[in-house]
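Structure at a glance
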Amino acid sequence: MSLRKLISIWLFVVSVVIAGMGFWAIATQAQIGYWTMAGSLLIISLTCYASGIHHYVTKKNRKSFLMLFYGSVVLTVAALSIYIPSVVDLRPWEIFARIPDHFFFSMFMVVIGVLSSYLSFRPFYDYKKEGAQYGAYYLLHISIFFTLLPLFIIIFNIITRGMGGITWEFLTEDIVRMGEDGGVYPAILGTLAMISLTAVIVLPLGVGTAIYLAEYARKGLAVRVIRTAVNILQGTPSIVHGLFGYAFFVLIVFNGQKSLLAGALTLAVLTLPIVTRSAEEALNAVPGDLRDASLALGATKWQTIKKVVLPPSLPGVLTGTVLGLGRAAGETAPIMFTAVYFSGAGTPSSLFRPIQALPYHLLSLYRLVGYRDVEGQAWATALLLLIIVLGINITAIMVREKYRQRF
Amino acid sequence: MVHMTFFGIATFSVLIIFFIFIFLFIEAYPAIEMFGTDLLSSEWNVSRNKFGIFPAIYGSVFVAIGALIVAVPLGIGAATYLSEIAPNRVRMVLKPLIELLAGIPSIVYGFIGAILLGRFLYDTFGMRGVNSFLAAMLILGMMALPIIISMADDAMKAVPKDLKDASLALGATKWQTTRKVTIPAAISGISSAVIMGMGRAIGETMAVMLILGSVMRTPVPFFNVFSTGNTLTALIAIQMGESHGIIINVLFTAGIMLFVIVAIMSIISDILQTRTTEKFEGKR
Amino acid sequence: MIRKLKELFKEEQSCQRIEMPIDKKMLVEDLDLWYGKTKALKNINIELEENKVTAIIGPSGCGKSTLLRCLNRMNDTIPSVRVEGKVWLDGYNIYDEVTDCVDIRRKVGMVFQKPNPFPFSIENNIYYGCQVNGIDVDKGGVVERSLKQAALWDEVKDRLDENALSLSGGQQQRLCIARALAIEPDVILMDEPCSALDPIATAKIEDLIDELKEYYTVIIVTHNMQQAARVSDYTAYMYLGELIEFGETTQIFENPQEENTERYITGRFG
């Protein structure tokens, strides 16, 4: 192995380690001192000089000046940061924050570490275009890593902190003493009742719309308008759905009374575009020649849809609906003005009475954190909600993956 | 006959859009009539009967821009990874994982954000409380990621393979092909993804309400990410339960604004997307 | 994974070299290719003449496009493909472990079945190849030279900044040829370049191919036998992944040695 590659690998490894240290220091609020940071940057910059000089001496490649330049920049950052005061106090500018120097130091380590490891690909590949390619690929890997990291942090935290709170009482009792004791039994039932009712309402509407769009519609103004409406509906913020549910279902249809039905209707409006879109996708996946074959045998259009198109697309249609319901189960904003009470509603008994629901329960508990001892219960509720919602989603996704490769 | 039945069902979505607008407007009208443009002032004082929602509008935009600064580079990077370099097996695992990320309820994000991230920032920066724009931007960025990733990924996947082949056959590396052919060709789809991500960030309610603290003030100076604040969504969510009378009507005005802003974004994003499909399917 | 790492740390070594026979541009030696488990090319041996047009013909599915794509390693973009054997270009094996397939594609240009201009302006389409290969040339000059070589200059010289997708199909295909010529390759591969075009556009492209052989070695895959007879100097006939017969076009069309070839040429096939 050539010295050039060795230096590049050393630069990469050192930079990754330094970036990792910086990241770890930020996360744990460890106090990185000036000399730790400066020492790390010094190692990086010396390596860069070594790489640049060696490369120029052996290959006379002027592109290696990049490393010399970069090494100087790193060195300058390290030297100048001795002037960073121990705390940068922003309060004179009415910003209530104090940024400690170790935060800057850790930040430098992360940024320069990532940058150096990215640049280390250049000398490794002799400043050819492969170097740029693998450097970029490295950054892309980092971005997918940081995309998924929060998912794991969230799930890890909720599981470890919520596990202890899930007990038999928690699952089977009503709220006691504002949520300090007791459980969420009515809220579980309420959420389940609400999404079942939502499913019953939204399924015919969503699938009907999808059948129209996929099977009957020809290009034209009507279709454009319907499609745009579905898209707008999909983008509409859930709080607007909540306002609409309150203004229309609660105030006008049900005389100012929050109820299970009003909540389910609001959620049906919310999930309608999700169901429509995925159902349309499933219907479009059925090949056109199947339809032609049926029509050529003298079947009517409706018979064709019923007998030929719907059966194979059913799994897709249903998973779409289930995904929509997963979303509905976790929503708070649409139901908070239309259907739910924090406590006292009891288990759902009538379509026209309010209920309790898990997401709203979590919200109410959060608002009590600090005033009452409910944080454990709140974590447990979050875990339960996550289990229900992700459980629904995972089931739907697995079913979909199973049936995807049919045609 | 059957045709007309399905057409009837399909018009439901259109009908709902109209209904939303009309009923929001009916409830908002008293406030608009009473206060007029005072609604856009920055003073919110219930006892003096002042209901200016400017701080909430500013907060909505501010927090959405911050969220995009977090989410756009990460999201486009991740989407490029998924569509261009991930081997099929990895892609089959990552795509559902990202969908799961989108499935986490916003109230859970809000709870985690307020408790973990809020406290973390509070400790690190010695702020006055756990609520801040910074925390809200980070969490909202995270929440906008899945939609940006999946839409941008779709857009890049839609670029025909023969364009990429043409570039490779000219001696370009895979990365040069991605950067100079795939991304420019998919740019309208990618922008549509960014717009939808912004729509998501503006429309997000529960998370932002818990994290931002819902304090009716405009940050000073205007870029102060350590300040607390309010957004249109959080304003509605907090005040609806605690208010009555004219305030409710003011909140509906905020709701209409929100609805119109996001609807316009959806339409723009829609147009951009049809442009992409037409570019590659209509032409050839 | 481990193999990849080993490859990464391997010393640079020089490429195998052989002495090329006179007037030959490329040699294909014992080439086998698998798509997953199906063997699509079986023991291909062929010698491609310099500054001549070689046509590859055969019924659909015989592997002629696959063979063409082997000549500039375009098959590397398909994950399930495995290639064994050697292809020599000017004495270097393009399937050598140390050969960079990106360099190969710079020397061996390709024109595809469907016109596939980038959705950029006409001049940026031409300049793209120089840009990605870091060739430092005058943009206007390259654009003019390539478009003139591709007989497109007169039709588009006033609208070089227009989107390439606004051109007609035949013009698009000539633009793709011009784009391939811009980086001055040694060999040009054409994969049924006229199959998506009308007769007039086809005639233009065929004239063009005739002019191109003065400077380039052209290898063209076609399902149209008249076309092969019109434009090519040498013809290879393939059947079910095997090279059945290779020789001068006149000989193949007038006096085929193999019965299979004769049946295909005379249209008494299947």
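Observations regarding the domain arrangement of chain A
Here chain A is partitioned into domain 1 (3-131) and domain 2 (169-404). With centres defined by C-alpha atoms, the gap from domain 1 of chain A to domain 2 of chain A works out at 49 Å.

Side note on the environment of Ala144 of chain B
All names here are of chain B. Mapped onto the elements of the fold, Ala144 is located in helix H5 (residues 133-157). Given the relative accessible area of 0%, Ala144 is considered buried. Counting along the chain gives 31 residues from Ala144 to Trp175, while the straight-line C-alpha distance between them is 26 Å. When sequence neighbours within four positions are dropped, the list of residues in contact with Ala144 reads Ala71, Gly197 and Arg200.

Some words on the sheet that holds strand E6 (residues 108-111) of chain C
Residues and elements named next belong to chain C. Spatial strand order, E6-E7-E8-E3-E9-E10: 6 strands in an open sheet with mixed pairing. Looking at strand neighbours, the two that pair on one side only are E6 and strand E10 (242-248), the edges of this open sheet. With strand direction ignored, the average angle separating the axes of adjacent strands in the sheet is 15 degrees.

Considerations on the sheet that holds strand E2 (residues 38-49) of chain C
Residue and element names in this part refer to chain C. Taken in spatial order, the 4 strands of this open sheet run E2-E1-E4-E5, and their pairing is antiparallel. Of all the strands in the sheet, the pair left with one neighbour each is E2 and strand E5 (92-93). Where strand E1 (residues 24-35) meets E2, 8 bridges bridge the pair, whose relative direction is antiparallel. For Leu31, the partnering residue across the bridge sits in E2 and is Ile44.

Section: the interface of chain A and chain B
Facing the 91 residues of chain A at the interface are 83 residues of chain B. Summed over both sides, the interface between chain A and chain B buries roughly 8000 Å², with carbon and sulfur atoms accounting for 79% of that surface. Viewed at the interface, chain B and chain A are joined by 2 salt bridges. A salt bridge links Arg119 of chain B to Glu375 of chain A, with the nearest nitrogen and oxygen atoms 3.3 Å apart. Scanning the region where chain A abuts chain B turns up 11 residue pairs in polar contact (both at pLDDT 80 or more).

Regarding the pairing of strand E8 (residues 217-221) of chain C
Residues and elements named next belong to chain C. Burial analysis of E8 places 5 of its 5 residues in the buried class, which makes it a mostly covered element. On E8, burial covers both faces: Thr217, Ile219 and Val221 on one face and Val218 and Ile220 on the other are all buried. Note: strand E3 (residues 53-57) against E8, 4 bridges, orientation parallel. Bridge pairing links Thr54 to Ile219 in E8. Pairing geometry for strand E7 (residues 187-191) and E8, over 5 bridges, is parallel.

Observations regarding a nonpolar patch on the surface
Residues and elements named next belong to chain B. A contiguous nonpolar surface patch, about 570 Å² in accessible area, is contributed by Phe21, Phe25, Tyr29, Ile32, Val260, Ile264 and Ile268. Of all the secondary structure elements, the ones that give two or more residues to the nonpolar patch are helix H1 (2-35) and helix H11 (246-282). With 4 residues, H1 is the single largest residue contributor to the nonpolar patch. One can find Ile268 in helix H11.

Observations regarding the pattern of salt bridges
Scanning the entire structure with this criterion turns up 29 salt bridges over all chains. Counted as one network, the salt bridges with shared partners bring together Arg91, Lys95, Asp153 and Asp154 of chain B.

A few points about the pairing of E10 of chain C
Residues and elements named next belong to chain C. Here strand E9 (residues 234-239) runs beside E10; their pairing, made up of 6 bridges, is antiparallel. Paired with Tyr239 across the strands is Glu242, a residue of E10. Hairpin remark: E9 followed by E10, antiparallel, with 2 residues in the connecting loop; positive phi at Leu240, about 50 degrees.

Re H1 of chain B
Residues and elements named next belong to chain B. Across its 34 residues, H1 extends 50 Å between first and last C-alpha, which sits within 8% of the 50 Å expected from 1.5 Å per residue. Ala28 marks the point of greatest bend in H1, at about 45 degrees, and the proline Pro30 comes within the next four residues. Positive phi appears at Gly36, one or two residues downstream of H1, with a value of about 60 degrees.

Brief notes about unusual backbone geometry
Residue and element names in this part refer to chain C. The backbone of Ala151 shows a phi angle near 55 degrees, a positive value even though the residue is not glycine. Relative to the elements of secondary structure, Ala151 occurs in the loop between helix H5 (139-149) and helix H6 (153-156). Despite not being glycine, Leu240 has its phi angle at roughly 50 degrees, a positive value. Tracing the backbone shows Leu240 in the loop between E9 and E10. The class for Leu240 is exposed, based on a relative accessible area of 52%.

Some words on the environment of Glu401 of chain A
Topologically, Glu401 of chain A is positioned in helix H16 (residues 375-404). When the C-alpha atoms of Glu401 of chain A and Gly316 of chain A are compared, they prove to be 9.6 Å apart, with 85 residues separating the residues in sequence.

With respect to the packing of helix H2 (residues 54-85) of chain B against H5 of chain B
Residue and element names in this part refer to chain B. Two elements in contact, H2 and H5, have axes separated by 5 Å at closest approach and are oriented at 40 degrees. By the angle between their axes, H2 is oblique relative to H5. Of the two elements, H2 crosses H5, and the hand of that crossing is right-handed. Taken together, the residues that form the contact of H2 with H5 break down as 23 nonpolar, 6 polar and 3 charged.

Reading the values: the criteria
Residues numbered from 1 in each chain as written. Chains lettered and ligands numbered in written order. Predicted model: local features only at pLDDT ≥ 70, side-chain atom pairs only at ≥ 80, totals over all residues. Heavy atoms only, no water. Domains from an automatic or database assignment. Helix = DSSP H or I, 4+ residues; strand = E, 2+ residues; numbered from the N terminus. Buried < 20%, exposed > 50% of the residue type's maximum accessible area, 1.4 Å probe, protein only. Contact = heavy atoms within 4.5 Å. Pairing = 2+ DSSP bridges. Axes fitted to C-alpha atoms, helices over the stretch in contact; angles between N-to-C directions. Buried area = accessible area lost by both parts, 1.4 Å probe. Salt bridge = Lys/Arg side-chain N within 4 Å of Asp/Glu carboxyl O. Polar contact = N/O pair within 3.5 Å; in protein donor to acceptor, adjacent residues only side chain to side chain. Patch = residues over 30% accessible without salt bridge, like charges linked within 9 Å, V, L, I, M, F, W, Y side chains within 5 Å. Areas by Shrake-Rupley, 256 points an atom, 1.4 Å probe, with all protein chains shown as cover. Expected span 1.5 Å × (residues − 1). Bend = angle between axes of the 7 residues up to and from the residue. Parallel < 35°, antiparallel > 145°, perpendicular 65-115°, else oblique. Left-handed = near helix turned anticlockwise from the far one by under 90°. Nonpolar A, V, L, I, M, F, W, Y, C, P; charged D, E, K, R; others polar.

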